[in-house]
Number of protein chains: 2
Amino acid sequence: MLTYTFSKTEGISLYQQLYQHIKGDILAGRLAAGEKLPSKRMLADHLEISVITVKNAYEQLLAEGYIYSVEKRGYYVSRVEQPLRGQEGHALPATEEEPRYVLDLVTNSISAEYFPFTVWARLMRQTILEQDKGLLRPTPYNGILLLRQAIARHLQQFRGMTVDPEQIVIGAGTEFLYHLLIQLLGRDRCYAVEEPGYSKIPRIYESNQVALERLALDHSGLSATALEKSGADVVHISPSHHYPTGIVMPITRRQELLRWAAEQEGRYILEDDYDSEFRFVGRPIPTMFSADRHEKVIYLNTFSKTIAPSIRTSYMVLPPHLLQEYRRRLSFYACTVSAFEQYTLAQFMLQGRYERHINRMRNRYRQKRDTVIQAIRTGPLAGRAEIMEQDAGLHFLMRLDTRLSDQELRRRAAEQGIRLALLSDYYRSPEKAPPHVVVVNYSGIEPEALQWGLQRLAELLEET
Amino acid sequence: MLTYTFSKTEGISLYQQLYQHIKGDILAGRLAAGEKLPSKRMLADHLEISVITVKNAYEQLLAEGYIYSVEKRGYYVSRVEQPLRGQEGHALPATEEEPRYVLDLVTNSISAEYFPFTVWARLMRQTILEQDKGLLRPTPYNGILLLRQAIARHLQQFRGMTVDPEQIVIGAGTEFLYHLLIQLLGRDRCYAVEEPGYSKIPRIYESNQVALERLALDHSGLSATALEKSGADVVHISPSHHYPTGIVMPITRRQELLRWAAEQEGRYILEDDYDSEFRFVGRPIPTMFSADRHEKVIYLNTFSKTIAPSIRTSYMVLPPHLLQEYRRRLSFYACTVSAFEQYTLAQFMLQGRYERHINRMRNRYRQKRDTVIQAIRTGPLAGRAEIMEQDAGLHFLMRLDTRLSDQELRRRAAEQGIRLALLSDYYRSPEKAPPHVVVVNYSGIEPEALQWGLQRLAELLEET
């Protein structure tokens, strides 16, 4: 029989102590999965405590899943470290673990260490106090007004965009907004994406089984001629800073695209401005949304890049006629972002914290970028690496002087513990890509790993 | 020139006082939109304060959007109460306000007053402390493990379901999960929904433009014969408690449907268990997911109904072969629920709070339900209202003895300040519905409004 001693001075109730004891035994494996627990009465008599105390402890264990009950038979110990099993009893394969690299040039998530977490935590606590039960009320389909106002002001101030808070629709991530946009603009349209490009975008369109065209870029990005030829209706672009080429679309090209859109009904431009906050040289480039006179541009941006990937908050800005269409057909969808997160983010913006955070990040990333580029230019790779497009964003391109194929380059680097993204990875037909061009996502690079990695890369190029 | 006096004893800095003064003037309209503010130096001289103080105040106002700056010209007052305007300057129509009713029998959101907000707020604070910067890390595509474990335990204990946490996919609302399911099961499938039914479900399928069949119910719910005839591949049902009829699908019917699904590859049952927590009589009905031996049932549930609509957290449980398919094709989608909300909810469940909350809610709703039914049976409507299906869920049906058409009934009730949902509202062809049946969503009814409303309804029936 289970035997435990209880302390009367600890200030926690008997039932909690009993619960802790049994839980400890289960976690330590002293009580095995499937083992039957003594009946409430028997254990109560044995430990000289009341049946109610045992009942409360068992119920707590039951609620937390440590034990389970079988009607008319009693309580049994659960399998706490559940093995991965399907319904039929066959083992489920575990999610694949990604290998760890010493130097990872692929991951472009921002450094959480730079995030003003203390401020954010304070605002979260403040939101709990101020909003109280208001946090439990459903939010409007397009997000809480306060956040939409804060975003409208930010866009005004930071991007020179005049936007009514009503035009803003908030959603849990840009990926989800694309689902809404496909429904808004129509499944019968043909969508065009840039090639090379961020691979998730075409995957979303493909997964939704809409017609998709991948259009090649020239040195200025996507051209209206290419668009016209493709027969596409809706084009998805990042004119402020294209990923991965880094191209900033020049004004003439933007005007061309705006003219293309204005020429026919049903043509639209999705302006994904995800990276515009990290422009290091000169002023931010004005958006195409601002230059648009025919309600042809839908603007999209996200806080995942500037705050943290776990902040699942993005937004889109709809031109007035699309807003009305959206309200009529799609406002039955509930807003996907929790009220709590929306209020916290709104305060973060309204108190000027977001602005300050971005400014700080921009400075830090500029420094980091300069350090990395300097190390490449003067270190072991000097003379064998050419750096391209370095004015904006959290990545740049580096062309290596080598005869190794891109696959071979990646394989050898991986053997050394270096994870490389190559420009050809962003092409559907990799042979169309300029070879040996590494996409350096530098935001997460550690200085020591960098020195070590550049040395390995240089050796690897020597080998051939 | 702006003239303000400053207090040195208030404990707030000079710049904050200046900021408050100017902000107050802008909000009160004393400083008009477009008005130029004095230069920093001029205002500093005028108020006999330092230029830095003015600079700080201006920057704060700038960050919050009260003023804007024009390079080399200075600072101007923003249009703070922005009128609803589109890009072309024409006014945007405001979102329609719903009229307010004295008695609302349509809204079935749960009472926020019952929610253990203090506990939830404590867990939110605890999550901030414990997880700290971990909150900024991206979460796995299917949600954080701790929450999936908590859900698996809850399903084991509360629904008798044996589910591996790996099989659970967490998403920001059931509506979003349907988008993923359509992509998982295929756009080429025909989907079937119940008629009558919750109108959002067919809207989602229609908005995604997949083939949709609306199948009539008999007294046991949807039949396999109807399904077979329709040619549908995937059927969306709520066997535990159908909305709005309240039908609990009997075991024989469930087995029929499971056999239907097993007969052909590509057939699936989406079991929406949204209301199962509020069963008042007898034990919870076992799920079809548990009875399924052929990996044909996908189980869905949400916390919006049991916790609060603003908690945008739902989940689905996939059978093993669909899980693998999901991982292969759709796990590139990021999880749509913020890490913070996931950790808080996980703790709420693991500490047994969720279980206790549901039990408390179930008791309170049972009482509320009894009170409402008692008032209908013994009050002014006695003898003219028949109550149907009252064992489960947050609504019941009430058939009124009247010759008024459903539209007329709704219109006259609305004139009196009563909002009615009628069973015919849940039919695509309202003439197929039994007439004069009110769907009483009782969870939000106030006792005084109820007495008043029943009296008005009785008078309204007399009039004919």
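### Quick word on the overall build of chain A
Then, number 1: Within chain A one finds 15 helices and 14 strands.
Then, number 2: Across the 464 residues that make up chain A, the buried fraction comes to 59%.
Then, number 3: Nonlocal contacts in chain A, meaning residues at least 24 apart in sequence, comprise 70% of its contacts between residues at least 6 apart.
Then, number 4: Of the roughly 19,800 Å² of accessible surface on chain A, 47% is carried by carbon and sulfur atoms.

### A short note on the side chain of R159(A)
Then, number 1: In this fold, R159(A) is placed in helix 5 (residues 145-159).
Then, number 2: Of the residues examined, R159(A) reaches a relative accessible area of 6% and is grouped as buried.

### Some points on the sheet that holds strand 12 (residues 395-400) of chain B
Residues and elements named next belong to chain B.
Then, number 1: Spatial ordering of the open sheet is given by 11-12-14, a layout of 3 strands whose pairing is antiparallel. At either end of the open sheet lies a strand with only one pairing partner, and these are strand 11 (385-388) and strand 14 (437-441). Taken over all neighbouring pairs, the strand axes of this sheet differ in orientation by 30° on average, direction set aside.
Then, number 2: In this sheet, strand 14 lies alongside strand 12 in antiparallel orientation, the contact comprising 5 bridges. When the sheet's bridge partners are listed, H395 is paired in strand 14 with N441.

### Remarks on helix 7 (residues 200-207) of chain A
Then, number 1: Buried within helix 7 of chain A are the following residues: I201(A), P202(A), I204(A), Y205(A) and S207(A).
Then, number 2: Structurally, helix 7 of chain A contributes buried residues whose contacts are with helix 6 (174-185), strand 5 (190-195), strand 6 (211-216), strand 7 (234-237) and strand 8 (268-272) of chain A together with helix 6 (174-185) of chain B.
Then, number 3: Just past helix 7 of chain A, the residue Q209(A) takes up positive phi, approximately 55°.

### Points about the pattern of salt bridges
All names here are of chain B.
Then, number 1: A complete count under the given rule lists 42 salt bridges over all chains for this structure.
Then, number 2: Among the salt bridges present, the one from R419 reaches D104, with a minimum N-O distance of 3.3 Å. One end of the pair, R419, is in strand 13 (residues 418-419); the other, D104, is in strand 3 (residues 103-104), with 315 residues separating them in the sequence.
Then, number 3: Measuring nitrogen to oxygen at the nearest pair gives 2.4 Å for the salt bridge that ties E415 to R411.

### Considerations on the packing of helix 13 (residues 353-378) of chain A against helix 15 (residues 447-462) of chain A
Residue and element names in this part refer to chain A.
Then, number 1: Contact pair helix 13 / helix 15: the axes reach a minimum separation of 11 Å and the direction vectors enclose 30°. By the angle class used here, helix 13 and helix 15 are roughly parallel. At the point where helix 13 passes helix 15, the crossing takes the right-handed sense. For the pair helix 13 and helix 15, the contacting residues are V372, A375 and I376 in the first and L450, Q451 and L454 in the second.
Then, number 2: Among the residues making up the contact of helix 13 with helix 15, the classes are represented as 5 nonpolar, 1 polar and no charged.

### So, the packing of aromatic side chains
Then, number 1: Across all of its chains, the model carries 36 aromatic pairs over all chains by this definition.
Then, number 2: Here F289(B) and Y299(B) contribute two aromatic rings whose centre-to-centre distance is 6.5 Å and whose plane-to-plane angle is 70°, an arrangement assigned as edge-to-face. Of this pair, F289(B) sits in helix 10 (residues 288-291) while Y299(B) sits in strand 9 (residues 297-302), placing them 10 residues apart in sequence. Each member of the pair, F289(B) together with Y299(B), is buried.
Then, number 3: Members of the aromatic cluster, each reached through a chain of ring pairs, are W120(A), F289(A), Y299(A), F303(A), Y315(A), F348(A) and Y354(A).
Then, number 4: Here K296(A) stacks its cationic end above the ring of Y268(A), 5.0 Å away from the centre of that ring.

### Here's the deal with the environment of E175(A)
Then, number 1: Within the fold, E175(A) resides in helix 6.
Then, number 2: Residue classification places E175(A) among the buried positions, given a relative accessible area of 12%.
Then, number 3: Contact partners of E175(A), with chain neighbours within four places excluded, come to K200(A), I204(A), F332(B), Y333(B) and A334(B).

### Looking at the pairing of strand 5 of chain A
Residues and elements named next belong to chain A.
Then, number 1: A large share of strand 5 lies buried, amounting to 6 of its 6 residues.
Then, number 2: Of the strand pairs in this sheet, strand 5 and strand 6 are connected by 6 bridges, and their pairing is parallel. If you follow C190 over to strand 6, its bridge partner there is A211.

### Observations regarding helix 4 (residues 117-131) of chain B
Then, number 1: If you check helix 4 of chain B, its first and last C-alpha atoms are 20 Å apart, about what 15 residues at 1.5 Å a residue would give, namely 21 Å.
Then, number 2: The complete set of buried residues in helix 4 of chain B reads F117(B), V119(B), W120(B), A121(B), L123(B), M124(B), Q126(B), T127(B) and I128(B).
Then, number 3: Check the buried side of helix 4 of chain B and you find it contacts helix 4 (117-131) and helix 12 (339-350) of chain A together with helix 12 (339-350) and helix 13 (353-378) of chain B.
Then, number 4: Within two residues after helix 4 of chain B, D132(B) carries a phi angle of roughly 50°, on the positive side.

### As for the domain arrangement of chain A
Then, number 1: Along its sequence, chain A is organised into domain 1 (14-77), domain 2 (103-108 + 357-462) and domain 3 (116-351).
Then, number 2: The centre of domain 1 of chain A, based on its C-alpha atoms, is set 53 Å off from the matching centre of domain 3 of chain A.

### Concerning a positive patch on the surface
Then, number 1: A cluster of basic side chains, namely R122(A), R125(A), R122(B) and R125(B), defines a positive patch on the protein surface.
Then, number 2: Of all the elements in the fold, those that place two or more residues in the positive patch are helix 4 of chain A together with helix 4 of chain B.
Then, number 3: Turning to its location among the elements, R122(A) is positioned in helix 4.

### Observations regarding the environment of P140(B)
All names here are of chain B.
Then, number 1: Within the secondary structure layout, P140 lies in the loop between helix 4 and helix 5 (145-159).
Then, number 2: Between the C-alpha atom of P140 and that of F332, which follows or precedes it by 192 residues, the distance is 10.0 Å.
Then, number 3: Once residues within four sequence positions are removed from consideration, P140 is found in contact with R148 and C335.

### Some details on the sheet that holds strand 5 of chain A
Residues and elements named next belong to chain A.
Then, number 1: One open sheet accounts for 7 strands, arranged 4-10-9-8-7-5-6; its pairing is mixed. Because the sheet does not close on itself, it has two edges, and the strands there are strand 4 (168-171) and strand 6. Neighbouring strand axes in the sheet, compared pairwise and without regard to direction, differ in orientation by 20° on average.
Then, number 2: Relative to strand 10 (residues 314-317), strand 9 (residues 297-302) runs antiparallel, the two being bridged by 4 bridges. From the neighbouring strand, T302 faces strand 10, where its bridge partner is S314.
Then, number 3: Contacts from helix 6 reach strand 4, strand 5, strand 7, strand 8, strand 9 and strand 10 within the one sheet, and its direction differs from that of strand 9 by about 165°.
Then, number 4: This element, helix 9 (residues 251-263), spans strand 7, strand 8 and strand 9 of the sheet and lies at about 140° to strand 8.

### Looking at the confidence of the model for chain A
Then, number 1: Of the residues in chain A, 92% have a pLDDT of 70 or more, and the chain-wide mean is 87.
Then, number 2: Note that pLDDT drops below 50 for residues 82-90 of chain A; the model gives that stretch 27 contacts with residues more than four away or on any other chain.

### Examining unusual backbone geometry
Then, number 1: Along the chain, E195(A) connects to P196(A) via a cis peptide bond; the corresponding omega equals 5°.
Then, number 2: Cis geometry marks the peptide bond from Y243(B) to P244(B); its omega dihedral reads 5°.
Then, number 3: Although it is not a glycine, Q209(B) adopts a positive phi angle of roughly 55°.
Then, number 4: With respect to the helices, strands and loops of the structure, Q209(B) is situated in the loop between helix 7 (200-207) and strand 6 (211-216).
Then, number 5: Positive phi values are uncommon outside glycine, yet H436(B) reaches one of about 65°.
Then, number 6: Checked against the element boundaries, H436(B) lands in the loop between strand 13 and strand 14.
Then, number 7: What makes H436(B) buried here is its relative accessible area of 15%.

About the thresholds
- Residues numbered from 1 in each chain as written.
- Chains lettered and ligands numbered in written order.
- Predicted model: local features only at pLDDT ≥ 70, side-chain atom pairs only at ≥ 80, totals over all residues.
- Heavy atoms only, no water.
- Helix = DSSP H or I, 4+ residues; strand = E, 2+ residues; numbered from the N terminus.
- Buried < 20%, exposed > 50% of the residue type's maximum accessible area, 1.4 Å probe, protein only.
- Contact = heavy atoms within 4.5 Å.
- Areas by Shrake-Rupley, 256 points an atom, 1.4 Å probe, with all protein chains shown as cover.
- Pairing = 2+ DSSP bridges.
- Axes fitted to C-alpha atoms, helices over the stretch in contact; angles between N-to-C directions.
- Salt bridge = Lys/Arg side-chain N within 4 Å of Asp/Glu carboxyl O.
- Parallel < 35°, antiparallel > 145°, perpendicular 65-115°, else oblique.
- Left-handed = near helix turned anticlockwise from the far one by under 90°.
- Nonpolar A, V, L, I, M, F, W, Y, C, P; charged D, E, K, R; others polar.
- Phe/Tyr/Trp six-rings, centres within 6.5 Å; stacked < 30°, edge-to-face > 60°.
- Lys NZ or Arg CZ within 6 Å of the ring centre and 35° of its normal.
- Expected span 1.5 Å × (residues − 1).
- Domains from an automatic or database assignment.
- Patch = residues over 30% accessible without salt bridge, like charges linked within 9 Å, V, L, I, M, F, W, Y side chains within 5 Å.
- Lys, Arg positive; Asp, Glu negative; His and termini not counted.
- Charge placed at Lys NZ, Arg CZ, Asp CG, Glu CD.
- pLDDT = per-residue confidence, 0-100.

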